[in-house]
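Residue-level structure breakdown
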Amino acid sequence: MFLLTLLLFSLVKITTCITICDSECACRIDNKLNVDYQGEFIDCSYRDAGILKTNNTLPNTAYSLDLSSANISIIDTSLLFQSTTLYELLLNNNKLRRIDGNHFKLPNVKRLDLSYNQLEFIDKESFRDLKTLEYFNIANNRFTTFDKLAFHHLSNLNEVILNNNNLGASLENNNLFDRSGFGLTQKIQIVSISGINLNKVPDNFFVDAYDIRKLIISNNNLTDVFEIPFTLQYLDLSDNPITEISTEDFTDLPGLNVLKLNNLWIEEVPDFVFEHLHSLTSLELERNKNLTQFSKLAFGKGVLEDPYDFTLHSFSLRNSRLTTLDKDLLDAFGQFTELDLQGNPWHCDCNLIWLKRLQLSTNAYDHFRCATPPSLYNARIFDLKAKYFTCQKKHIGIIMGIVSFCIILALVAVWMFVCVPKKHSRSSILRNMWAPSAAYTVLPMTPNIDSFNNT
């Protein structure tokens, strides 16, 4: 009897799981997922919002529930939000405007995606039972502040994505990390605040972010580099109107591995600006439309003297306005495993021929072309033979003019001393050259009175 009861109970569980997967959603088990717990991925995306009102429950082995693009506009009590095994909940790309109350009974969920909705408000009680949450994405919503949402109770949160919410003005007066502000926990390691209309990073903004490792603060209105947290390993400052970078901006960053400075307003990369970034492995300086100068000392003198200890292996100057680079960078650039110099208006002369000695991958080859001189316009640099990389002498026209004038003077001198007869004084000839012409002899101003009387 006991075995029969157990068998019937198992059949009920299997039937329930099959019913929700077959009637409403697609279920699968991903054995390739590198996590400790293996469970079912339940794909309910692109379904109707009515799915939340059904009596279907999640299988006991549920790992991920995808409710994206399901036209959901209201979060209410649902059996789908009750699970002790669910690890990930995806509610992105719906029509949510607000979340009220505590409807998520998911004590073990670690990832929550609410991006691409129309959210303006989330009740602070909504996540009361999500104490294990580690990843929280609310990008591309309509938040302007988090007056009602505090992160204090999300004690395990280590990654938050706030991109493309109009939070800039609010963050200038309310610190993300201070408990008197929005209260991101000290465990936070990854913060993305791209496109939030931030004009300035206040002083000591990151002072309470003790362990932040990755910061994406791109696509804002920053004009200066702020005080960067020394714990960072990844920093993206791209798409800001920053006009200048200096050595002081990147000191005391011992662990920084990745730095992205794309689409800034800088005109030059000055001496020693990256000298102190001893752990840097990847650097991007792409799409800098005003960048025309790159100092050979940008990485410091040590790199030029001993490039084999250079840690940087990926470097991109793609689509900027550089026309030349100093040949002293050859050994340093030769250490890169990834180098992209495409899309710059290179001036292909004798000073740039050293670039042909670099080993570039095929995907960094096709748009590595000359812009000048006109005879080499749009020619691929690696297709050109060395003989085409020539340098014209500077001021060659002026020099030829001076030489020609000197030759003419010498010929005149030879003619005077050889061809002019000796009986004529050569000095008199010179005087006659400056004497007034007979045609311009001055007539007497006083009339001849005797001649007038005789008439």
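Our subject is the structure that appears above.
The rules behind the values
Positions within a chain are numbered from 1, following the residues in the order the chain's sequence is written. Per-residue local features of the predicted model are confined to residues with pLDDT of at least 70, and side-chain atom pairs are confined, for both listing and counting, to 80 or more; whole-chain, interface and lining totals are unaffected and use all residues. Side-chain measures were taken over the full set of non-hydrogen atoms in the model, leaving aside hydrogen atoms and water. The secondary structure listing takes helices from DSSP runs of H or I that are at least 4 residues long and strands from runs of E that are at least 2 residues long, numbered from the N terminus. Each residue's exposure class comes from its accessible area (1.4 Å probe, protein chains only) as a fraction of the maximum for that residue type: buried when under 20%, exposed when over 50%, partly exposed otherwise. By the criterion applied in these results, polar contacts are pairs of N or O atoms within 3.5 Å in which, for protein atoms, one can donate a hydrogen and the other can accept it, and in which residues neighboring in sequence qualify only through two side-chain atoms. Should any heavy atoms of two residues lie within 4.5 Å, those residues are considered in contact. Only Phe, Tyr and Trp rings take part, Trp by its six-membered ring, and two of them pair if their centres are within 6.5 Å. Stacked means planes under 30 degrees apart, edge-to-face means over 60, and tilted covers everything else. Placement of a positive charge over a ring is assigned whenever Lys NZ or Arg CZ falls within 6 Å of the ring centre and within 35 degrees of the normal to the ring plane.

Side note on the side chain of S45
Position of S45 among the secondary structure elements: in the loop between β2 (40-43) and β3 (62-66). Using a relative accessible area of 9% as the deciding quantity, one classes S45 as buried. Polar contacts involving the side chain of S45 include one to the side chain of D43, which spans 2.6 Å. Excluding residues that lie within four positions of it along the chain, S45 makes contacts with D66, S68 and S69.

Some thoughts on the environment of S295
Residue placement: S295 occurs in the loop between β16 (293-294) and α3 (301-305). With 30 residues separating them along the chain, S295 and L325 place their C-alpha atoms 8.0 Å apart. If sequence neighbours within four positions are ignored, S295 has contacts with V269, P270 and D271.

So, the packing of aromatic side chains
One pass over the full model with this rule turns up 27 aromatic pairs. Note on F205 and F206: the rings are 5.1 Å apart at their centroids and 85° apart in plane angle, and the pair reads as edge-to-face. Both residues of the pair, F205 and F206, count as buried. Taken together, the aromatic side chains of F250, F274, F294, F299, F310, F315, F333, F336 and W354 make up a single cluster linked through ring pairs. We note R28 situated over the ring of F41; from NZ or CZ to the ring centre the distance is 4.7 Å. Lying across the ring of Y234, K214 places its NZ or CZ 4.5 Å from the centre.

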